[in-house]
Amino acid sequence: NAGVMQNPRHLVRRRGQEARLRCSPMKGHSHVYWYRQLPEEGLKFMVYLQKENIIDESGMPKERFSAEFPKEGPSILRIQQVVRGDSAAYFCASSPQSAAHTQYFGPGTRLTVL
Amino acid sequence: QQQVKQSPQSLIVQKGGIPIINCAYENTAFDYFPWYQQFPGKGPALLIAIRPDVSEKKEGRFTISFNKSAKQFSLHIMDSQPGDSATYFCAASKGTSYGKLTFGQGTILTVHP
């Protein structure tokens, strides 16, 4: 049973470009979460999604950030017009519907904005 | 507002020692408290978790102690090994059907041989 998969593992973008981060949850998991980790800081919740639904986006910046979890395919975290402050590690986690609190994390995508 | 405070920021022990990492929370609605272990360049891995209806939980060399009245919980690592050197995060969430985790700031543990 493959774990949570994220790609790309490393992403370099210039200021003003778009970044797309992908997450495939563990098989059988219907809940996806995105967290951001700034250097030497803890993980900060961004958004909680179920298939085709955003359940909680209270941690998402109001502008430039969006997330989706379509019926088919991976969850996508999209950052438009990236700025240097967006440089961070972005982690995706998934959980089964029966135990939403038990989250398994992917290896993360490390975004560097030049 | 920092809802989960973790200390110390870093910790150095000798092999065989018992490092203790502490966390305190503010929101009394939290009722699930996991600990995660993270190695450099990797994602956090679930280590052990506790609900507030018990005061202690052990899994292998890892023990969580929970004090509901003080709103504090801690991780103890028995017989620590150099391979335990990692960053440890405590976290909290409200309910098992709602998964948003609030993390502490992390503790960098170094275990010397």
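A.B. asks: Kindly report on the pattern of salt bridges, identifying the contributing residues and their values.
C.D. replies: Counted under the stated rule, the structure contains six salt bridges over all chains. A salt bridge links R78 of chain A to E18 of chain A, with the nearest nitrogen and oxygen atoms 2.9 Å apart. Linking R78 of chain A in strand β8 (residues 75-79) with E18 of chain A in the loop between β2 (10-13) and β3 (19-24), this pair joins segments that are 60 residues apart in sequence. A relative accessible area of 27% places R78 of chain A in the partly exposed class. Between R51 of chain B and D31 of chain B there is a salt bridge; the shortest N-O distance is 3.3 Å. Linking R51 of chain B in the loop between β5 (45-50) and β6 (56-59) with D31 of chain B in the loop between β3 (20-25) and β4 (33-38), this pair joins segments that are 20 residues apart in sequence. In this structure R51 of chain B comes out as partly exposed when scored by relative accessible area, which is 32%. Each of E18, R20 and R78 of chain A takes part in a single network of salt bridges with overlapping partners.

A.B. asks: Break down the environment of Y33 of chain A for me, citing the residues and quoting the values.
C.D. replies: By the element assignment, Y33 of chain A lies in strand β4 (residues 31-37). Put simply, Y33 of chain A and F45 of chain A are twelve residues apart on the chain and 7.7 Å apart in space, counted from C-alpha to C-alpha. Ignoring sequence-local partners within four residues, the contact set of Y33 of chain A consists of V47, Y48, F91, C92, A93, S94, S95, A100 and Q103 of chain A together with G99 and K100 of chain B. A distance of 2.9 Å separates polar atoms of two side chains, one belonging to Y33 of chain A and the other to S95 of chain A.

Thresholds, definitions, all that
- Residues numbered from 1 in each chain as written.
- Chains lettered and ligands numbered in written order.
- Predicted model: local features only at pLDDT ≥ 70, side-chain atom pairs only at ≥ 80, totals over all residues.
- Heavy atoms only, no water.
- Salt bridge = Lys/Arg side-chain N within 4 Å of Asp/Glu carboxyl O.
- Helix = DSSP H or I, 4+ residues; strand = E, 2+ residues; numbered from the N terminus.
- Buried < 20%, exposed > 50% of the residue type's maximum accessible area, 1.4 Å probe, protein only.
- Contact = heavy atoms within 4.5 Å.
- Polar contact = N/O pair within 3.5 Å; in protein donor to acceptor, adjacent residues only side chain to side chain.

Structural measurements only, silent on function.
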